[in-house]
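If you want the building blocks of each chain, they are given just below.
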Amino acid sequence: MTVAAPGTVTAGALVAELSRSLGRSDARWLVAHVTGMSGAQLRGGLEDVVPSAAVAQARGLAARCRAGEPVQYVIGRWDFRQVELELDRRVLIPRPETEQVTDVALQLLCALDTGRRRPVVADLGTGSGAIALSLAVESPVALEVWATDVSDEALAVAGGNLEAVRARVAPRSEVHLAAGSWYGALPARLRGQVDLVVSNPPYVARPQWEELDGTVRDHEPYGALVPGERGTEAIEVVVGGSPGWLAPGGALVVEIGADQGPRAGDAASSAGLVDVVVRPDLAGRDRILVARRPR
């Protein structure tokens, strides 16, 4: 085993130092970031000496985390399924629940029968592009993906992330970014032609926002979290507008709050959708609304 010279700091020692105030997971992310290692490389390189400049950088980043800034924004990137996303305060930090939403969307895509036509996917409120880009990268069939957002700042982030994975998407699939509010961003030619609408809309009620942890409330974009007083306003727009845009038999997948399953399900049924079901997340809480337009 290599013994570090006196006065030097190994990756393992730096992780241990930062873990005392941040927790081991965040500490490992910071050390991997300043050393340029992947998580797997860090696990095998804990005895490697970290340059003094990188040690100082890690300690500075750790101070930002201790002040309440999310580690994802501090390091400016985050892994989401098979893509690495650039992130900052212009967009919401993707959660594990949204990875589950993407997985459900992929399952439905695999079951679609659109003949020889490429399936059309609309990711409404794309934010960083996490869902849209994951679908384009992971889908076993070529797609036409439309990623929309009312925020030009969010679309700028999504555009950078799209460029980073474009080689993995093209020439098989196409991903288009479109500015506008929900369905209003889609070209009119797609009415009745969309095979899958997927969305992680804001669903935190305004009174609940005031109770959120400061790492979320003080740093993540308010508009990506809160749609209004009730928390279901954006869900109702996405669900209610879907019959006019979905192709016959097309599917709707929407991330919802843990207490919104009954209301979301009622909204889908009232819109004339069928096969309505609310699926739980890994903690057993209502999280994913799934429905279809009748054939």
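Criteria and cut-off values
- Residues numbered from 1 in each chain as written.
- Predicted model: local features only at pLDDT ≥ 70, side-chain atom pairs only at ≥ 80, totals over all residues.
- Heavy atoms only, no water.
- Helix = DSSP H or I, 4+ residues; strand = E, 2+ residues; numbered from the N terminus.
- Buried < 20%, exposed > 50% of the residue type's maximum accessible area, 1.4 Å probe, protein only.
- Lys, Arg positive; Asp, Glu negative; His and termini not counted.
- Salt bridge = Lys/Arg side-chain N within 4 Å of Asp/Glu carboxyl O.
- Contact = heavy atoms within 4.5 Å.
- Phe/Tyr/Trp six-rings, centres within 6.5 Å; stacked < 30°, edge-to-face > 60°.
- Core = buried A, V, L, I, M, F, W, Y, C linked by side-chain atoms within 4.5 Å.
- Pairing = 2+ DSSP bridges.
- Axes fitted to C-alpha atoms, helices over the stretch in contact; angles between N-to-C directions.

Some words on the side chain of Arg-28
Logical step 1: Along the chain, Arg-28 turns up in helix α2 (residues 24-35).
Logical step 2: It is Asp-26 that comes nearest to the buried, bridge-free Arg-28 among opposite-charge side chains, at 10 Å.
Logical step 3: For Arg-28, the contacting residues outside a window of four places in its chain are Val-15, Gly-39, Leu-42, Arg-43 and Leu-46.

Considering the pattern of salt bridges
Logical step 1: A full pass over the atoms with the stated rule returns 19 salt bridges.
Logical step 2: Arg-230 is the salt-bridge partner of Glu-233, the closest N and O atoms lying 3.9 Å from each other.
Logical step 3: Shared partners join several salt bridges into a network, and the residues in it are Glu-97, Asp-281, Arg-285 and Arg-287.

Considering the environment of Val-121
Logical step 1: Position of Val-121 relative to the elements: it lies in strand β5 (residues 120-124).
Logical step 2: Each C-alpha atom, one on Val-121 and one on Gln-193, is 9.4 Å from the other, the two residues being 72 residues apart in sequence.
Logical step 3: Val-121 has contacts with Leu-109, Leu-135, Leu-143, Glu-144, Val-145, Trp-146, Leu-196 and Val-198, leaving out every residue within four places of it along the chain.

Considerations on the packing of aromatic side chains
Logical step 1: Enumeration over the complete set of coordinates arrives at 3 aromatic pairs.
Logical step 2: Seen from their ring centres, Tyr-183 and Trp-245 are 5.9 Å apart, and the 15 degrees between their planes marks the pair as stacked. Linking Tyr-183 in the loop between β7 (174-179) and β8 (194-199) with Trp-245 in the loop between α11 (233-241) and β9 (246-255), this pair joins segments that are 62 residues apart in sequence.
Logical step 3: Taking the relative accessible area as the measure of exposure, Tyr-183 reaches 7% and is therefore buried.
Logical step 4: Classification of Trp-245 as buried rests on a relative accessible area of 6%.

Things to note about the nonpolar core
Logical step 1: Among the nonpolar cores identified, the biggest contains 60 residues, and Leu-18, Leu-30 and Leu-135 are the most heavily contacted of them.
Logical step 2: In this view, Leu-18 contacts Gly-23, Ala-27, Leu-30, Val-31, Ala-58, Arg-59 and Ala-62; residues no more than four positions away in its chain are not counted.
Logical step 3: If you look at the next biggest cluster of nonpolar residues, it comprises 28 residues, including Val-197, Tyr-203, Val-254 and Ala-267.

As for the pairing of strand β4 (residues 83-86)
Logical step 1: Covered by surrounding structure in β4 are Val-83 and Leu-85 only, the residues Glu-84 and Glu-86 on the alternate face being uncovered.
Logical step 2: Where strand β3 (residues 77-80) meets β4, 4 bridges bridge the pair, whose relative direction is antiparallel. Bridge pairing links Asp-79 to Glu-84 in β4.

Concerning the sheet that holds β7
Logical step 1: If you walk across this open sheet you meet the 7 strands as β7-β6-β5-β8-β9-β11-β10, and the pairing is mixed. Unpaired on one side and paired on the other, β7 and β10 (274-280) mark the two borders of the sheet. Within this sheet the neighbouring strands show an average axis-to-axis angle of 15 degrees, counted without direction.
Logical step 2: Note that strand β6 (residues 144-149) and β7 share 6 bridges and pair parallel. Across the sheet, the residue bridging to Thr-148 is Ala-178, located in β7.
Logical step 3: Sitting on the sheet, helix α6 (residues 96-111) touches β5, β8, β9, β10 and β11 (286-292), and the angle it makes with β9 is about 165 degrees.
Logical step 4: Contacts from α11 reach β5, β8, β9 and β11, with the element oriented near 165 degrees to β9.

Description of unusual backbone geometry
Logical step 1: Even without a glycine there, the phi angle at Arg-81 is positive, about 55 degrees.
Logical step 2: Within the secondary structure layout, Arg-81 lies in the loop between β3 and β4.
Logical step 3: Judged by its relative accessible area of 27%, Arg-81 is partly exposed.
Logical step 4: Positioned with a positive phi, Asp-275 is a non-glycine residue whose angle comes to about 55 degrees.
Logical step 5: Mapped onto the secondary structure, Asp-275 falls in strand β10.

Geometric values such as these leave the question of function open.
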